[in-house]
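Below, each chain spelled out in residue letters.
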Amino acid sequence: MRIRTIAIPAAAALAVMLLPSQATKAEAEFVANFGTVAPDNTPWSQQLTDVKKRIEAESGGRVKMKLFLGGTLGSEIEMIQDVIRGERLHGGGFSTGAIGEAADIPLLQMVELPYLFQTNAEVDAVLDEVLYGPVNTELESKGFVLAAWAENGWRNFATTGGAATSPTELAKYKMRSQESPVHLDMYKQYGVQAVAKPVSEVLPALNTGIVDGFDNTPLFSIAAGWIEPIDHYTMSWHIYQPAGVVFSKKFFDQLPPDLQTIVKGDPHAEAKKGRTAVRELEEVLVAQIESRGKTVVYLTDEQRAAFEGPALNVHKAFLLKHPELKSLYMQVRQKLASMR
């Protein structure tokens, strides 16, 4: 069988990662390096492992996937840029906000506007029925192929020294922010001093007091070890954060049609599987946070409203900066209104 290589990176040390393995019964024609900051032994790593197994099995070994978990190949921004180039990395699982920032796709940042969604049902309807087509088109224009939506989930505030049940309370803390203009603007609207840091730098910053808190989902907070230095976890549900399983278009376009079909799989079935795996764990994970001596606080309707007001300013500022998305934003709003 003739071996086809996908790309040859400049650094010789990386070439070993990219070369197909030698003479086997199911010798790989194509090798895809797949990166993510998702830690091992999580629903995310399991989903990616299942994708790997499916692709390798259905392709009869013609496609081999190598997973690099836990940010071992860099930050989300760095890995996403690598996927665009299609050399060192050929795909990955990343948060939508990070893809939006790294690839300059404002639409993906719009999805993470604070207090845009109220329920999982709203999220699924908007992502699958309103935004799937436009997002797929935008991703392709930037060098990606969308294999499926994935899910980080609902982000909440985690702090050291007290709860964050109002913007005034939250403003007492220096917070780590994801590297996203929408996230940074949210903190600005709440009067919070925020520091943008990649995932790899968050735990040291918490341990040394460089930051007093962060916002993320229960699953990621526990899996990354961020929950240990903090003492309060406020269930604010202020941002729903999807993720995307994507492939480099440069890699994908080199595959023959039959392998393209296998690699892409069934995007909607894959999305449902990923969402279910993450959502089923939330109550258990919140209980784990409490069992570790952390105080879990649930916002009242009045407290939530105090956060929602300033959040609308984030929406307005975003649309002023990206007027081309106003029509699509209104479609999202109309869909949400029909469900409330």
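Residues numbered from 1 in each chain as written. Predicted model: local features only at pLDDT ≥ 70, side-chain atom pairs only at ≥ 80, totals over all residues. Heavy atoms only, no water.

Asks: Just give me the short version of the packing of aromatic side chains, but keep the residues and values in it.
Replies: Counted by the stated rule, this structure contains 11 aromatic pairs. Summarising the aromatic geometry, the rings of Trp 154 and Trp 237 are spaced 4.6 Å apart at their centres and angled 10° between planes, so their arrangement reads as stacked. Note that Trp 154 is positioned in strand E4 (residues 144-159) and Trp 237 in strand E8 (residues 232-248), a separation of 83 residues in sequence. On the basis of relative accessibility, which here comes to 3%, the residue Trp 154 falls in the buried class. For the ring pair Phe 214 and Trp 226, a centre distance of 5.2 Å and an interplane angle of 75° mean the geometry is edge-to-face. On the criterion of sequence distance, the pair formed by Phe 214 in strand E7 (residues 213-216) and Trp 226 in the loop between helix H10 (218-223) and E8 is long-range, its members being 12 residues apart. For the pair Phe 214 and Trp 226, one class covers both residues: buried. Aromatic ring contacts, followed pair by pair, group Trp 44, Phe 214, Phe 220 and Trp 226 into a single cluster. (Phe/Tyr/Trp six-rings, centres within 6.5 Å; stacked < 30°, edge-to-face > 60°. Helix = DSSP H or I, 4+ residues; strand = E, 2+ residues; numbered from the N terminus. Buried < 20%, exposed > 50% of the residue type's maximum accessible area, 1.4 Å probe, protein only.)

Asks: Could you give an account of helix H2 (residues 43-58), with specific residues and numbers?
Replies: Taking 1.5 Å per residue, 16 residues should reach 22 Å; H2 reaches 22 Å between its end C-alpha atoms and fits that length. All buried positions along H2 are accounted for by Pro 43, Trp 44, Ser 45, Gln 47, Leu 48, Val 51, Lys 52 and Ile 55. At the C-terminal side of H2, Gly 60 shows a positive phi close to 65°. (Expected span 1.5 Å × (residues − 1).)

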